[in-house]
Structures are given as C-alpha cells and as structure tokens.
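Examining the three-dimensional arrangement
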Amino acid sequence: MTLPRLPVSQVDVVLCDCSAQDAERVFACLRAHFESDRRPDDPPHETGTDRPTMWTGMYDTAAVPVGAEKHPEPLTAPVTVDVQGSPPAVRLLRAALEEEYTVHQVGVDAGDQEVQLQLRVEGPQGSG
C-alpha cells in the first residue's frame, strides 16, 4: 500500500505520551509559526479511556499566521512529537519548536522525498 504524499510545505504532527494541556501548549507554539488545521478554540481534551491518547495536526510551513500568540507556556512534562514531511518543512517545524523548548531527536527515518522524525520536547528552551 502506498500512502499519499504530503504537499512539500506540509508537516503531519502526532503528539503522544503527554497531557492534553501539554499537547495544546505544543500546538500553540506551532500555530504561532504556521497555519494549521488545528483551531485554537478546539484544544485537545482527555478521552477518559484507559487507552493511550494521541493528538494530530497538520501544519503548513509556507503559510505564516497573522496575529498568532507567541511564547507558549512551559510544558509540565516531556512530550513525544512525531513529525512527517519534506526535509525542508520538517527542519522549519523543528526550528520553531527549538525557539521555545529543548528538543531532542529520538529517531529518524529519512527518504528522498519525506522524512519522519521522533522528537522529545521539553521546556523551556535551553534547559536541557
């Protein structure tokens, strides 16, 4: 099975191993830099099940939002962030996270057209 390719400027983001509050803080950081399919008025929320919760978002690294919130609140715990997209778009998204948080690369799966990174994001920037 072949998965559809993302447009060159779009990055798919999946957050896990974190609270809904920290997921929203990471998404707010990214929304401050890029247009997204995640609306600020629809924050992540806990499902109340025993299953692990994951939150997803799509970010367009070529589209800069107007009047976006800067300097999101610090994270209460580390967040696992999986990103997938073209190498230039993934670099831009990672750089945006690194402006606010300490970012560690945990894994990478790189191809010619797309790269998948697993990052561990902690806050604030410079503390790790």
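Per chain, the residues get numbers from 1 upward, laid out in the order the sequence is written. Per-residue local features of the predicted model are confined to residues with pLDDT of at least 70, and side-chain atom pairs are confined, for both listing and counting, to 80 or more; whole-chain, interface and lining totals are unaffected and use all residues. Side-chain numbers here rest on the full set of heavy atoms in the structure, without hydrogens or water.

**Some details on unusual backbone geometry**
To keep it simple, the criterion reads: To qualify as a helix, a DSSP run of H or I must reach at least 4 residues; to qualify as a strand, a run of E must reach at least 2; elements of each kind are numbered from the N terminus. Whether a residue is buried, partly exposed or exposed follows from its accessible area with a 1.4 Å probe, protein chains only, as a fraction of its type maximum: under 20%, in between, or over 50%, in that order.
Even without being a glycine, D17 presents a positive backbone phi close to 55°. With respect to the helices, strands and loops of the structure, D17 is situated in the loop between β1 (10-16) and α1 (20-31). When its relative accessible area of 55% is taken as the criterion, D17 is described as exposed.

**What about the nonpolar core?**
Note the threshold: Here, nonpolar core refers to any group of buried Ala, Val, Leu, Ile, Met, Phe, Trp, Tyr and Cys residues whose side-chain atoms link them within 4.5 Å. Contact definition: two residues touch when any of their heavy atoms are within 4.5 Å.
Core analysis: the largest hydrophobic core is formed by 28 residues, its most contacted members being V13, L15, L30, V81, L93 and L97. Of all the secondary structure elements, the ones that give two or more residues to this core are β1, α1, β3 (55-60), β4 (79-85), α2 (87-100) and β6 (115-122). Ranked by the residues each element gives to this core, the list is headed by α1, at six residues. Setting aside its immediate chain neighbours within four residues, L93 contacts V11, V13, L30, F34, Y59, T61 and V83.

**Things to note about the environment of L30**
As for its position among the elements, L30 is in helix α1. Classification of L30 by relative accessible area gives buried; the value is 0%. Between the alpha carbons of L30 and A96 there is a distance of 6.7 Å; along the sequence they are 66 residues apart. Non-local contacts of L30, meaning those with residues more than four positions away in its chain, are made with V13, Y59, L93, A96 and L97.

**Comments concerning the packing of aromatic side chains**
Put simply, the rule is: Note on aromatic contacts: the rings of Phe and Tyr and the six-membered ring of Trp form a pair at centre separations within 6.5 Å, being stacked when their planes are under 30 degrees apart, edge-to-face when over 60 apart, and tilted otherwise.
This model, assessed by the stated rule, comprises one aromatic pair. When the centroid spacing of 6.2 Å and the interplanar angle of 25° are considered together, the rings of F27 and Y59 count as stacked. You can see F27 sitting in helix α1 and its partner Y59 sitting in strand β3, a full 32 residues away along the chain. There is no split in this pair, since F27 and Y59 are both buried.

**With respect to α2**
For clarity, the threshold we go by: Here the expected length of a helix is defined as 1.5 Å per residue gap, with one fewer gap than residues. Each C-beta atom gives one direction from the helix axis, and the arc is the one those directions make.
For α2, built from 14 residues, the straight-helix expectation of 20 Å at 1.5 Å per residue is met to within 8% by its first-to-last C-alpha distance of 21 Å. By the burial criterion, the buried members of α2 are A89, V90, L93, A96, L97 and E100. Mapping the buried residues of α2 onto a view down its axis gives an arc of 120°, with all of them on the same face. Away from its buried face, by an angle of more than 90 degrees, α2 presents the exposed residues R91 and E99. Packed against the buried residues of α2 are β1, α1, β3, β4, β5 (102-110) and β6.

**Quick notes on the confidence of the model for the chain**
Definition in use: Values of pLDDT, the confidence the predictor places in each residue, fall between 0 and 100.
In this model, the chain carries a mean pLDDT of 84, and residues with pLDDT of at least 70 account for 80%. Confidence, expressed as mean pLDDT per element, reaches its minimum in the chain at strand β2 (residues 35-36) with 90 and its maximum at β4 with 96.

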